[in-house]
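Working through the structure, step by step
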Amino acid sequence: MRRNGIRRVAGGLAALLAAWLVLVAVQIVRAGNTTPTRPADAAIVLGAAIRGDQPSPVFAARIDHGLTLYRRGRVRTLILTGGYGTGLRHAESAVARDYAIRRGIPASAIRIETRSRTTRENLIEAAALLRANQEHSALIVSDPLHLKRAVRMAVDLGIAAQGAPTPTTRHRGWQARAGFLLREVYYYNQYLVTGA
């Protein structure tokens with residue numbers, strides 16, 4: 001009898017965990033399908049890989065979306081994030097700044113940080129730049145499935161944040177999207193538990 005009770009409790013806990021994970025996955029997908037409803041002081045473009053002195057396709061898509069938000073008057077400034085990856089001569093954010101300037105964005109509208117290496121560090125450094133310029137609100141620019149976690153982190157850092165998902169992403173096939181989603185479910189729960 002006791003063994004059956006333990007099995008029922010374990011089964012109930014497993015069902016609750018599965019329901020929670022599905023709920024988080026749905027919230028992640030929903031967050032990636034929203035568009036910002038209000039303008040903001042800045043667009044925070046989250047860093048991604050570079051190849052030499054050029055952004056990777058994923059990073060270029062993020063930067064391009066930030067440029068679009070700026071050109072449409074949705075933000076006044078761009079905060080480009082990302083430090084030096086292992087063995088790289090250029091910081092991600094410096095490559096992004098050069099890319100933006102080549103596309104007609106004035107250097108005066110761009111701020112960068114070169115220290116971060118993770119999403120949370122991107123946002124910590126961006127929050128410091130916002131405070132230094134007496135700004136408070138931001139559109140967080142990243143891949144759609146990345147935004148639930150990124151916006152949660154930004155809000156926890158005191159930023160009045162909205163997600164601004166890139167309209168394109170390299171994770172187009174369902175298998176790639178499913179893998180990205182599973183990773184984000186894991187990382188989002190890890191952030192809730194550890195704050196990192």
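Residues numbered from 1 in each chain as written. Predicted model: local features only at pLDDT ≥ 70, side-chain atom pairs only at ≥ 80, totals over all residues. Heavy atoms only, no water.

**Remarks on the sheet that holds strand 1 (residues 40-45)**
Across the sheet, 5 strands lie side by side as 5-4-1-6-7; this open sheet has parallel pairing. Edge strands, defined here as strands with exactly one partner in the open sheet, are strand 5 (110-112) and strand 7 (160-165). Across the sheet, the mean angle separating the axes of adjacent strands is 25° when strand polarity is ignored. Against the sheet, helix 3 (residues 92-102) makes contact with strand 4 (75-80) and strand 5, and its axis sits at roughly 165° relative to strand 5, the strand it touches most. Here helix 4 (residues 119-132) sits on the sheet in contact with strand 1, strand 4, strand 5 and strand 6 (137-142), set at roughly 150° to strand 1. (Pairing = 2+ DSSP bridges. Helix = DSSP H or I, 4+ residues; strand = E, 2+ residues; numbered from the N terminus. Axes fitted to C-alpha atoms, helices over the stretch in contact; angles between N-to-C directions. Contact = heavy atoms within 4.5 Å.)

**Notes on the pattern of salt bridges**
Applying the stated criterion to the full structure yields 7 salt bridges. Ionic pairing is found between D41 and R76, a salt bridge with its closest N-O pair at 2.8 Å. You can see D41 sitting in strand 1 and its partner R76 sitting in strand 4, a full 35 residues away along the chain. Given a relative accessible area of 13%, D41 falls into the buried group. A relative accessible area of 54% means that R76 is categorised as exposed. (Salt bridge = Lys/Arg side-chain N within 4 Å of Asp/Glu carboxyl O. Buried < 20%, exposed > 50% of the residue type's maximum accessible area, 1.4 Å probe, protein only.)

**Looking at the packing of helix 2 (residues 57-71) against helix 3**
Packed helices, taken two at a time, are described by their axes: the angle between them and the distance between them. Running from N to C, helix 2 and helix 3 cross one another at 50°; their axes reach a closest spacing of 11 Å. If you check the angle between helix 2 and helix 3, you find them oblique. Here helix 2 runs over helix 3; the crossing is right-handed. Between helix 2, through F59, A60, I63, D64 and L67, and helix 3, the contact on the second element is made entirely by E92, A96, Y99 and A100. (Parallel < 35°, antiparallel > 145°, perpendicular 65-115°, else oblique. Left-handed = near helix turned anticlockwise from the far one by under 90°.)

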